[in-house]
Amino acid sequence: MLRIERDHNRFKEIVKGRIKKDFKKYISKGEMIGRQSGKTISIPVPQIDLPRFKYGKNQGGVGQGDGDSGDPMNGQPGEGQGAGEDPGQHLLEVDVTLHELAEILGEELELPNIQPKGDRSISDQRDRYTGVRPTGPESLRHFRRTFRRAIKRQISSGTYNPDEPVIIPIRDDFRYRAQKTAPNPQANAVVVYLMDVSGSMGDEQKEIVRIETFWIDTWLRHQYGDLDIRYVVHDAAAREVDRETFFHLRESGGTKISSAYGLLDKILREEYSAMDWNIYAFHFSDGDNWGSGDTELCLRLLGDSLLPVMNQFAYGQVESPYGSGQFLKDLRGHFKNTENLVTSHIPDKDRIYDSIREFLGKGR
Amino acid sequence: MEGTDDAMSLPIELANARDEIRGIAKQLGLDFFETVYEVVSGDEMNEVAAYGGFPVRYPHWRFGMEYERLHKSHAYGLSKIYELVINNNPCIAYLQESNEMVDQKLVMAHVYGHCDFFKNNIYFAHTNRRMVDAMANHAAVVRRHMDRIGQERVEAFVDLALSLENLIDPQRVFLDQRPPAPGPAEEEAEEPQVQRIRAKEYLESFVNPPEFIAQQKKKLAEEKERRRRFPERPERDILLFLLYYAPLERWQQDIIEIVRNESYYFLPQMQTKVMNEGWASYWHSRIMTEHVLEDSEVVDYADHCAGVFSMPPGQFNPYKVGLELWRDIERRWDRGQFGKEWEECDDYETRLHWNTEANKGREKLFEVRRLYNDVTFIDTFLTPDFCDRAQLFVYKWNERTRRLEISDREFRHIKEQLLFSLTNAGQPIIRVEDGNFDNRGELLLIHDFQGVELDVNYARDTLRNLALIWNRPCHIRTQLGEKEKLFTHDGTDFREKVLDR
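Residues and elements named next belong to chain A. Domain boundaries in chain A define domain 1 (1–48 + 90–110), domain 2 (125–183) and domain 3 (188–360). Centre-to-centre, using C-alpha coordinates, domain 1 lies 29 Å away from domain 3. Each partner contributes residues to the interface: domain 1 has 20 residues there, and domain 3 has 13 residues. Our count for the contact surface shared by domain 1 and domain 3 stands at zero salt bridges. Secondary-structure elements contributing two or more residues to the side of domain 1 that touches domain 3 are α2 (23–28) and α3 (98–109).

Residues and elements named next belong to chain A. For the pair helix α7 (residues 257–271) and helix α8 (residues 291–306), the least separation of the axes is 8 Å and the interaxial angle reads 20°. As summarised for this structure, α7 and α8 are arranged roughly parallel, according to the angle between their axes. Seen from above, α7 lies across α8 with left-handed handedness. Seen from α7, the contacting residues are Ile257, Ser258, Tyr261, Gly262, Leu264, Asp265 and Leu268; seen from α8, they are Asp294, Leu297, Cys298, Leu301, Leu302, Ser305 and Leu306. Residues belonging to the contact of α7 with α8 are distributed by class as follows: nine nonpolar, three polar and two charged.

Spatially, β3(A)-β4(B)-β5(B) is the arrangement adopted by the three strands of the open sheet, whose pairing is antiparallel. Each having just a single partner strand, β3 (61–64) of chain A together with β5 (403–408) of chain B make up the two edges of the open sheet. When strand polarity is set aside, the average angle formed by the axes of neighbouring strands in this sheet is 45°. In terms of strand pairing, β3 of chain A meets strand β4 (residues 392–398) of chain B through four bridges, oriented antiparallel. Within β4 of chain B, the position partnered with Gly61 of chain A by the bridge is Tyr395 of chain B. Helix α20 (residues 411–422) of chain B contacts β3 of chain A together with β4 and β5 of chain B of the sheet and is inclined by roughly 70° relative to β4 of chain B.

Moving on to helix α7 (residues 151–162) of chain B. One turn of an α-helix holds 3.6 residues; hence residues three or four places apart share an orientation. In this model, α7 of chain B (12 residues) spans 16 Å end to end at C-alpha, consistent with the 16 Å of a helix rising 1.5 Å per residue. The complete set of buried residues in α7 of chain B reads Val154, Glu155, Phe157, Val158, Asp159, Leu160, Ala161 and Leu162 of chain B. Turning to α7 of chain B, the residues buried within the fold contact α1 (4–21) of chain A together with α4 (61–75), α6 (131–149), α10 (238–245), α11 (250–271) and α21 (456–470) of chain B.

This part takes up the pattern of salt bridges. Close approach of charged atoms lets side chains of opposite charge pair. Applying the stated criterion across every chain yields a total of 46 salt bridges over all chains. Note that Glu235 of chain B and Arg172 of chain B form a salt bridge whose closest N and O atoms lie 3.3 Å from each other. Placement of Glu235 of chain B in the loop between α9 (210–228) and α10 and of Arg172 of chain B in the loop between α7 and α8 (204–207) is noted, with a sequence separation of 63 residues between them. By relative accessible area, Glu235 of chain B is classed as buried at 7%. Across the pair Arg472 of chain B and Glu442 of chain B runs a salt bridge whose closest N-O atoms are separated by 3.6 Å. Placement of the pair is Arg472 of chain B in the loop between α21 and β8 (474–480) and Glu442 of chain B in strand β7 (residues 442–447), with a sequence separation of 30 residues. One network of salt bridges, in which partners are shared, links Arg10 and Glu13 of chain A together with Glu152 and Glu155 of chain B.

Residue and element names in this part refer to chain A. With respect to the secondary-structure elements, Val192 resides in strand β7 (residues 188–196). Accessibility expressed as a relative area gives 0% for Val192, which makes it buried. Val192 sits 48 residues away from Glu240 along the chain, and the two C-alpha atoms are 9.9 Å apart.

Here is what the cut-offs are and how they apply
- Residues numbered from 1 in each chain as written.
- Chains lettered and ligands numbered in written order.
- Predicted model: local features only at pLDDT ≥ 70, side-chain atom pairs only at ≥ 80, totals over all residues.
- Heavy atoms only, no water.
- Domains from an automatic or database assignment.
- Contact = heavy atoms within 4.5 Å.
- Salt bridge = Lys/Arg side-chain N within 4 Å of Asp/Glu carboxyl O.
- Helix = DSSP H or I, 4+ residues; strand = E, 2+ residues; numbered from the N terminus.
- Axes fitted to C-alpha atoms, helices over the stretch in contact; angles between N-to-C directions.
- Parallel < 35°, antiparallel > 145°, perpendicular 65-115°, else oblique.
- Left-handed = near helix turned anticlockwise from the far one by under 90°.
- Nonpolar A, V, L, I, M, F, W, Y, C, P; charged D, E, K, R; others polar.
- Pairing = 2+ DSSP bridges.
- Expected span 1.5 Å × (residues − 1).
- Buried < 20%, exposed > 50% of the residue type's maximum accessible area, 1.4 Å probe, protein only.

Set out below in structure tokens:
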């Protein structure tokens, strides 16, 4: 009926443009993660407004109601709270679906689409008659819906006579069954996050990991539609935990990376066959490992049993005051030309942008 | 086929209610354009409202933004638009499908109040009563330019023009529609002479005293100087000024003209918000309670009225204040509480029981609705008694505690504050002072400072937009705190400097 859709889309385009413009800033800020609800995420964008000459904050006004001189106006912060007093900088909360966000991420970082492996990538489609539409072949006419619409119309236009209930559908009333194509689940994917929680990993490092995982989740989910996510923490020993624990657990003590890789190997072997699953693992650590013997073991596990079954193994090294960073060098030295292993060095939040590109840029 | 006629007409119950209410409204003396009602769904209402009530507007994202806002707050149950009516002949009013019958009646009664106001209030006299068509034409023009020049470019220019849309002159609608004071005239050949009154020589120094002649000479010189200025007089209709003097292409002129035209159309609605809503409320209340309301509907009606006239603590509700002022006027003129004697009487008892049975209330109501706008309405009819009864107060920004605080309940202050916030529809008053500032073709605006500062962030961006249209640096003189300032924008950079006084 109206042209609002066009203007609304144009507005959304502009908003997305704003988000894109500042995407680098958004990527390294943790603030977005807290704003997720269901399938949408609410992003604070600087108010999109047409500027005009207008009065500033010292305007004052007339109100109605009870109150004495010096009482605060309703809804105003109490004395001394300066929050939000800066006029003209209102934030517009824009809801963006994770899907759209992933699209922006892909466009901005120029991420290639992933080519899923295995037969399961050929998605199965089936047509089912579940919908209704206003046009179609007579053989598919939905008798009941058609008459329901006709009677509705007649009642509302006052031409329905209860004593002589003759209902004559007109062209506009006709409804037809419509088929909808239901795609079967496409390729399955699992992502396992591994994180070093030994004493040398501080809060700042964990924040980086949290932000990285958010974007990786967003992208992989966008690519696969559905995603299994598992979390493994390790210090000298490894165990599987839930999401909450993963980000908040803090242990002390040494680091044995091989323990985590061993557990990963076990999880994959028991639950995710390489035939049916696209498998990803992301390991975050400060690069401190307990002696070269354990590193040897890690390299062997990776080379012999992990890398052959995985789409990609990613190692991200955050920088902590305590870590030596040796593990990154070892990995890079050992797997020089291995396609499905990527490493990234993330010294601070500003590097998150580049590291995500490194992790996801291969399209595997 | 069951034609379009049927689709357009109202469902039978609504049509009956409309006929009844229309009849009553006529009987009560309301005089309105024919009114066409359309029933729309909740979301259609949001769409229509986003377009300011018009089914067809030029394409622009801000309508989409408004729609998004309305749609969301509607979806979350924060707001619902009951009624929407546009000033047109015929008036077009929208009824929300999901309203209950009693609401629909209320809305119709309310709408006839608005329509009567549109038709009869003098501030609406200049508005185009075929605005639906005009808006559609505007849309066609903008769309044509978009096809020809490209959506991006046209949209970018519409953005610029819209950010100046409040820079019009409310008084101009009552003046002739000539272009703003013309540019510098040709140099006059002869020095104008002061007219002397013929007198005998010995009387000369008395009839034409030398001081007077000198004064007149100076005046003439000033006059000449003024004529050399551009614009001759400071011009408030900045959009019109740009239309004539900014270096614009034809399509850009079209767009400024459209924005300006629509601005003037919407202006009286901002000038009469309190009056108009109060007037419509007064009449819906009378029509409903005296005539239309059925017993079973009373509770719902009262409930909804309570919602409309509620006073959220500390806020100003134009429906409520407007309605009460109208009732106050009717009561006062019915009881003769006006004129010299009334004003001079200060005995409480006498005033309380004052009743001359003048019965002029009705007459006065209709007179006021024809001749006043919000500013003159408040100025004339706001009384200390009324402020007391309505519990009005003034609030101010407290720099120390950094919050808005109730300042006082002094009648004088309330009136001052109200008048201030209603003057120029609450917008700062800004004029073009000089179109050839510093003799460099730059534009100088002056903000008529009344104690409230401009929002600097917004002013900066607006000035940039103006500079992009004027194609030369633009300046605005205003005041921040105690200091007189000059803001300058040349389209890329912003400067500000303190002016010496």
